[in-house]
Amino acid sequence: MHYNAILHRVVTHKIYVSYRNDMHEVLKASQDIATIGLIRYQRETLFIEPEKITAWSQFKLMFVNGMSHIAAGIDHLLFLLCLILPAPLVSANKRWQSVAPVRQCVMSVAKIVTFFTLGHSLTLALTTLGYISFPAKPIEILVAASILVSALNAIRPIFSQSAMWIAFIFGLIHGQAFAIEMSHMGFDSQAIIVALVAFNLGIETVQLLIVICVVPVLAMLARTYFYNAIRITLSVLAMAAASYWIIERSV
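The structure contained in this document is the topic of the report that follows.

**A word on the overall build of the protein**
What the protein contains, in helices and strands, is 8 helices and 4 strands. The order of α-helices and β-strands along the protein, N terminus first, is β-α-β-α-α-β-β-α-α-α-α-α. Within the protein, the fraction of its 251 residues that count as buried is 41%. As presented, the protein carries roughly 13,600 Å² of accessible surface, and 67% of it is formed by carbon and sulfur atoms.

**Things to note about the side chain of Thr 127**
Structurally, the position occupied by Thr 127 is in helix 4 (residues 102-128). Judged by relative accessible area, which is 19%, Thr 127 ranks as buried. A distance of 2.7 Å separates a polar atom in the side chain of Thr 127 from a polar atom in the side chain of Gln 176. Thr 127 has contacts with Ile 132, Gln 176 and Ala 179, leaving out every residue within four places of it along the chain.

**A short note on the pattern of salt bridges**
For the structure on display, the rule yields 2 salt bridges. Residues Asp 75 and Arg 249 are paired through a salt bridge, measuring 3.1 Å at the closest nitrogen-oxygen approach. Within this pair, whereas Asp 75 is found in helix 3 (residues 74-84), its partner Arg 249 is found in helix 8 (residues 227-250), the two being separated by 174 residues in sequence. Across the pair, exposure class does not vary: Asp 75 and Arg 249 are buried alike. Across the salt bridge formed by Glu 140 and Arg 249, the nearest N and O atoms sit 3.5 Å from each other. On the criterion of sequence distance, the pair formed by Glu 140 in helix 5 (residues 136-155) and Arg 249 in helix 8 is long-range, its members being 109 residues apart. Residue Glu 140 is classed as partly exposed on the basis of its relative accessible area of 22%. Linked through salt bridges whose partners overlap, the residues forming this network are Asp 75, Glu 140 and Arg 249.

**A short note on helix 6 (residues 163-182)**
Taking 1.5 Å per residue as the helical rise, helix 6 with its 20 residues ought to reach 28 Å, and the 28 Å between its terminal C-alpha atoms agrees with that figure. Most of helix 6 sits out of view: 14 of its 20 residues are buried.

**Digging into the packing of helix 3 against helix 8**
Between helix 3 and helix 8, whose axes approach to 11 Å, the crossing angle comes to 140 degrees. As the angle between them shows, helix 3 and helix 8 are arranged oblique. In this structure, helix 3 meets helix 8 at a crossing whose hand is left-handed. Where helix 3 approaches helix 8, its residues Ile 74, Asp 75, Leu 78 and Cys 82 are matched on the opposing element by Ala 238, Ala 241, Trp 245 and Arg 249. Its residues assigned to classes, the contact of helix 3 with helix 8 comprises 6 nonpolar, no polar and 2 charged.

Conventions used here
Residues numbered from 1 in each chain as written. Predicted model: local features only at pLDDT ≥ 70, side-chain atom pairs only at ≥ 80, totals over all residues. Heavy atoms only, no water. Helix = DSSP H or I, 4+ residues; strand = E, 2+ residues; numbered from the N terminus. Buried < 20%, exposed > 50% of the residue type's maximum accessible area, 1.4 Å probe, protein only. Areas by Shrake-Rupley, 256 points an atom, 1.4 Å probe, with all protein chains shown as cover. Polar contact = N/O pair within 3.5 Å; in protein donor to acceptor, adjacent residues only side chain to side chain. Contact = heavy atoms within 4.5 Å. Salt bridge = Lys/Arg side-chain N within 4 Å of Asp/Glu carboxyl O. Expected span 1.5 Å × (residues − 1). Axes fitted to C-alpha atoms, helices over the stretch in contact; angles between N-to-C directions. Parallel < 35°, antiparallel > 145°, perpendicular 65-115°, else oblique. Left-handed = near helix turned anticlockwise from the far one by under 90°. Nonpolar A, V, L, I, M, F, W, Y, C, P; charged D, E, K, R; others polar.

Now the structure itself:
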């Protein structure tokens, strides 16, 4: 199957290809379908082999899709970075001052990432399964606002003692944004569970890899005299990007 409409104009556009194997079900407008592939910019051809469409192939598709979604989601990654920027530090007198012990840094990051994961996994599941629903535009604005708040906290401690709960609350918002991607796909009552698990695992895999790569670097930089300059510069850039997104998404 070859399809290139829109892609040459909107490079971020995605086309989900679904498969039915029973014409009777099609005539009944049943939702018993399987998402089997994704067409996007520079990948405009999809090879379809019905006999190879299995639950495992769909799981792999959704896992990879989850990985690519978070890897391309600059706003989500920027939020995560702002959350862990002050993790190697200890707050005192409403400032980030001394360097935290390695164990404390690791535990702090682990709590933040875990609670963020719990938050976005919860709303991703509830929204995808149809239990809750929110308009996309306000959610996208709130995602940008979460970056702004976390960047401010990276400059001056706002919620240093309750960072994990803030991560959980913001995770609830980001989970809604992840669900927007899932809403474009068609699944029956059985396939949606597999797709949801695979998509979320893909997100978590990339998120975990990023944390594993970034946190040791931040912990080492925190022991240098120029870490404050790096932290503040990155936070200011994040605030600028978040402010731009809030304005852009409000129009």
